[in-house]
Each structure stands twice: as structure tokens, then as C-alpha cells.
Amino acid sequence: MIMTEMAKGALHGIKVLDLSRVLAGPSCTQVLADLGAEVIKVERPNVGDETRHWAPPKFSDGTSAYYATINRNKKSLTVDITTAAGQTIIKQLAADSDIVVENFKVGGLKKYGLDYDSLKQGNPRLIYASLTGFGQTGPDAKRPGYDYIIQGLSGLMSITGPSDGEPHKVGVAVVDLFAGLQLTIGIQAALLARQRTGLGQHVDVALLDSALAMLANVGMNHLASNQIPPRLGNQHPNIVPYQVFAGAGDAHFILACGNDSQFAKLCTLLGVDWHTDSRYMTNPARVTHRDELCEALADRFSEQPRAYWLAALEQAGIPCGAIHNISEALAMPQALAREMVVDFSEQGSPVRALGSPIKLSASPVSYRTPPPRLSEHTDNTLAELGYDSEMITKLKADGIV
């Protein structure tokens, strides 16, 4: 019986009311849904989440690829929360929910009586998770937050891109996604705390805080030295050689010598004695003499094609890898074996999606339903709250759901 329950998902029995939209918040609630939680996604009537319209591309049923990225395993309920009747519906759902997730501007839900202080009155066990640009406190709390802008403000763009070019953003909205994971961690910690105390709490995660935390060792380099970290392109700030090189024909690959032993193996492979040279013998020395060493390596690597170097480096036990395009990456046998591409054809949907990286042995993630059609679950959700067909019909006629 216990194993049967675990097979339903690690978070089976947890109910989530999802008031978030676009990417950061929905990425969090999809993780919870993949883990077995029931997630009711609240969307605007007739319009829905903005990302439903962020296309092309779309799947053959009209689902935008962007929306499908972070909305599987959810139910779609449409409610106009600006109306008294809509607010009543949300309050009824919140009273029976374990978690509310929202990414409105700070104070944006208070005027509707849907803020944490209001909703916890009817449900003291409620975990209320807010994801905003700058957090619930501080001088910038009321500013709107956007991934791209936060990448700039946080310093992340200052260390991304070529050293002699302009700052670059990361190729995906990495701050949104990282903040979504931080929100997920905060929610799960609050669930554990609730087991001890019986009470919920407010989880406050900000895009800016998350981006600053992402600076990791580069941020710590500044704190340790008071120096402003430079933009190094594909080079590593603390390790050399640890960057991209090109084989003959300009096919690029990554070389990642993480220690002196690996660098010595590289020198043996190349037939050089640089590992005995005081300029390159240790990693700190190699960092100091980065430019001349990497220029010499680039010259040697240009003598043979990428496939040659990858085979030789792997044989020598030196970390390396090709730079794939997206199609090549998703077609890797390892990616397929790990079920990192999933489809919903058995559920009658053309949607194919990126899989979850979380692998649990006893309560694995599941891909139960494709991204929902707008308002697909409105009638059933309202019926579970006690609304009869006549009441639901009137709510629809009034544009509330």
C-alpha cells in the first residue's frame, strides 16, 4: 500500500493554487506537478497566460511551444480575479490548498484580498509563495522584474560574452528558471517545517537575489579580492586551460583541465614539456600566463580535426566534449536513455517536451497530462467547490470564468 501511494508521486496529495504566469512561477509549479502535486492554474478568461500567444512555433493543435515548456500536468481554470465573485472562487480554493504560488507585483493581490495575510486567515496551514523581481522588501520592491533586465543589473551579463565585445545575456531566461527552482526549494522547506509546526508561511523569492546568488565563485572572487571580474568569453576565471578551442576546419570543442595532473596528461598527449615550465607548472601560474599558453594550445589544436582531438583526449582521460546544436543535444543516446524528451501522443496530444531531470527511485515524476486547453477544467473545478450547472452558466455569462 505504501509503495502504491509513493508511485503516485512524492507530492501526491498536495494541492497547489497557481496564480503565476509566463515563465518563472509556472516553472516552479510544473516541478511540483511533475512530482505528483495537483496544480490548478488560474488564467484570465478568454486570454489565458500570455505565453499561450508567444508563437511561432506552435504544435499542430495550436499549443505554443513556450506555453508547453512549463505547463504540463496542470489544470486550467479561468477566473477574473478583479471581480468579487472571482475573488470568492480563489478564496474558496485557497482555503483547501496547501500552496499558493503567485508572481504579481508586490502588493498587487492585496487590493483583491488575495495576499498572504488575508488568505492565511482562512487557512493557517497555507504556504504562500511569491516570486517577484526584487522581493517583498527593500527600496526596489515595487519595481517590475524581467529576466533580461535582471541579468544586466545583477552583473551576470558583465561576465558573459566575448572579452573584446559587448556583454551578452544567457541564451535562455536562466534567471527566471533559477528563481523558479529557488521558489520550489523554499516551498518544499516550508512543507517540512509545517509538519513540525502545523503552520504555513510566506516564501519570498526574488529574481535579483537569485541572479546575485548565481554569481557563485565569480562573485566570491570579487569579495575576496575587491577586483571587478573581467568578461572572459569561453575561458574560466580560475582554471587554465578550461575553455573552447577549434580543431582544423573550425569545429569547436571544450577542453576542461581541472588540475595539474590533467594538464600534465595533455602535455604528454601533445608531445610538449610545458608542465615542467615554471610558467605553466601550476594552475595559478597558468592563470597568470593564460594568454600565451592558450595561444600555443590553439595553434596545436588547429593541426587536426575536432574528432581526432576528442578521441585522443578521451583516451588520455582528459575532460573534453563537443559543442552540440540543440538537435544534436536532444538526440544524444544518453539524453534519450534518461527520458529527457517526452511526448504526449498516448494522451492524444502532439506536444513533445523536455523531460524532468529529477529521478526518484520509489516515487518518480510522471507525465500525466499535456499542457491544458484554456479553461479546460473550469467546470469540474467549480463543481468540486459546490457550484451547480446553473451557477456556472451564470458565471460564464457574466464573464467571471
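Residues numbered from 1 in each chain as written. Predicted model: local features only at pLDDT ≥ 70, side-chain atom pairs only at ≥ 80, totals over all residues. Heavy atoms only, no water.

Time to look at the pattern of salt bridges. Side chains bearing opposite charge may pair, as long as their charged atoms lie close to each other. For the coordinates displayed, the defined rule picks out 18 salt bridges. Among the ionic pairs, E292 bridges to R279, the shortest N-O distance being 3.0 Å. Here E292 is found in helix α12 (residues 290-301), whereas its partner R279 is found in the loop between α10 (260-270) and α11 (283-288), with 13 residues between them in sequence. Residue class for R279 comes out partly exposed when judged on its relative accessible area of 36%. The partner of D398 in a salt bridge is K394, with the nearest N and O atoms 2.8 Å apart. (Salt bridge = Lys/Arg side-chain N within 4 Å of Asp/Glu carboxyl O. Helix = DSSP H or I, 4+ residues; strand = E, 2+ residues; numbered from the N terminus. Buried < 20%, exposed > 50% of the residue type's maximum accessible area, 1.4 Å probe, protein only.)

On the secondary structure map, L153 appears in helix α6 (residues 147-153). Overall, the relative accessible area of 47% leaves L153 in the partly exposed class. Ignoring any residue separated from it by four or fewer positions in sequence, one finds L153 in contact with F134 and R143. (Contact = heavy atoms within 4.5 Å.)

Moving on, we come to the pairing of strand β2 (residues 38-43). The buried count for β2 comes to 5 of 6 residues, which makes it a mostly enclosed element. Pairing analysis gives 4 bridges linking strand β1 (residues 15-18) to β2, with the strands arranged parallel. In the strand pairing of β2, D18 is matched with K41. For the segment spanning β1, helix α2 (residues 24-34) and β2, crossover handedness is right-handed. Judged from the 5 bridges that link them, β2 and strand β3 (residues 74-78) form a sheet pairing that is parallel. Among the inter-strand pairings, V39 is bridged to a residue of β3, identified as K74. (Pairing = 2+ DSSP bridges. Right-handed = clockwise from strand over helix to strand, strands pointing away.)

Another aspect to go through is helix α17 (residues 389-397). Backbone nitrogen of E390 and a side-chain oxygen of the N-cap are separated by 3.2 Å at the start of α17; the cap is D388. Taken from the residues just after α17, G399 is the one with a positive phi, measuring 75 degrees. (Polar contact = N/O pair within 3.5 Å; in protein donor to acceptor, adjacent residues only side chain to side chain.)

For the rest of this paragraph, the subject is the nonpolar core. Counting residues in each nonpolar core, the largest one holds 37 residues, and the members touching the most others are V16, L32, I99, L183 and I187. Those elements that place two or more of their residues in this core are α2, β4 (99-102), β5 (127-132), α7 (174-197), β6 (202-206) and α8 (207-214). The element best represented in this core is α7, accounting for 6 residues. Look past the residues within four positions of I187 in its chain and what remains in contact with it is C28, L32, I99, V101, I127, A129 and V203. (Core = buried A, V, L, I, M, F, W, Y, C linked by side-chain atoms within 4.5 Å.)

This part takes up the sheet that holds β3. Pairing in this open sheet of 6 strands is parallel, and the strands run β3-β2-β1-β4-β5-β6 from one edge to the other. In this open sheet, the two strands that pair with only one neighbour each are β3 and β6. The average undirected angle you get between the axes of adjacent strands in this sheet is 20 degrees. Its contacts with the sheet put α7 on β4, β5 and β6, and the angle it makes with β5 is roughly 165 degrees. Here α8 sits on the sheet in contact with β5 and β6, set at roughly 60 degrees to β6. (Axes fitted to C-alpha atoms, helices over the stretch in contact; angles between N-to-C directions.)

Let us look at a nonpolar patch on the surface. Side chains of Y146, Y148, I149 and L153 sit close together on the surface and give an oily, nonpolar patch of about 440 Å² of accessible area. Note on placement: I149 falls in helix α6. Since its relative accessible area comes to 46%, I149 is described here as partly exposed. (Patch = residues over 30% accessible without salt bridge, like charges linked within 9 Å, V, L, I, M, F, W, Y side chains within 5 Å. Areas by Shrake-Rupley, 256 points an atom, 1.4 Å probe, with all protein chains shown as cover.)

Here we come to the pairing of β1. Of the two faces of β1, the one holding K15 and L17 and the one holding V16 and D18 are both buried throughout. Of the pairings in the sheet, the one linking β1 to β4 comprises 3 bridges and is parallel in character. Within β4, the position partnered with L17 by the bridge is V100.

Attention now moves to the packing of α2 against α7. Relative placement of two packed helices is described by the angle separating their axes and the distance separating the axes. Here α2 crosses α7 at 45 degrees, and the two axes come no closer than 8 Å. The orientation of α2 with respect to α7, classified from their angle, is oblique. Crossing hand, α2 versus α7: right-handed. Within the contact between the two elements, α2 uses A24, S27, C28, V31 and L32 and α7 uses D176, L177, G180, L183, T184 and I187. Split by residue class, the contact of α2 with α7 holds 7 nonpolar, 3 polar and 1 charged. (Parallel < 35°, antiparallel > 145°, perpendicular 65-115°, else oblique. Left-handed = near helix turned anticlockwise from the far one by under 90°. Nonpolar A, V, L, I, M, F, W, Y, C, P; charged D, E, K, R; others polar.)

If you walk through the whole model with that rule in mind, you get 6 aromatic pairs. Seen in terms of ring centroids, F245 and F301 are 5.0 Å apart; in terms of plane orientation they differ by 55 degrees. Their pairing is tilted. Of this pair, F245 sits in strand β7 (residues 242-246) while F301 sits in helix α12, and the two are 56 residues apart along the sequence. As far as burial versus exposure is concerned, F245 and F301 are alike and both buried. Arranged with centres 5.0 Å apart and planes meeting at 85 degrees, the rings of F301 and W309 form a pair that is edge-to-face. Accessibility classification places F301 together with W309 in one group, the buried group. (Phe/Tyr/Trp six-rings, centres within 6.5 Å; stacked < 30°, edge-to-face > 60°.)

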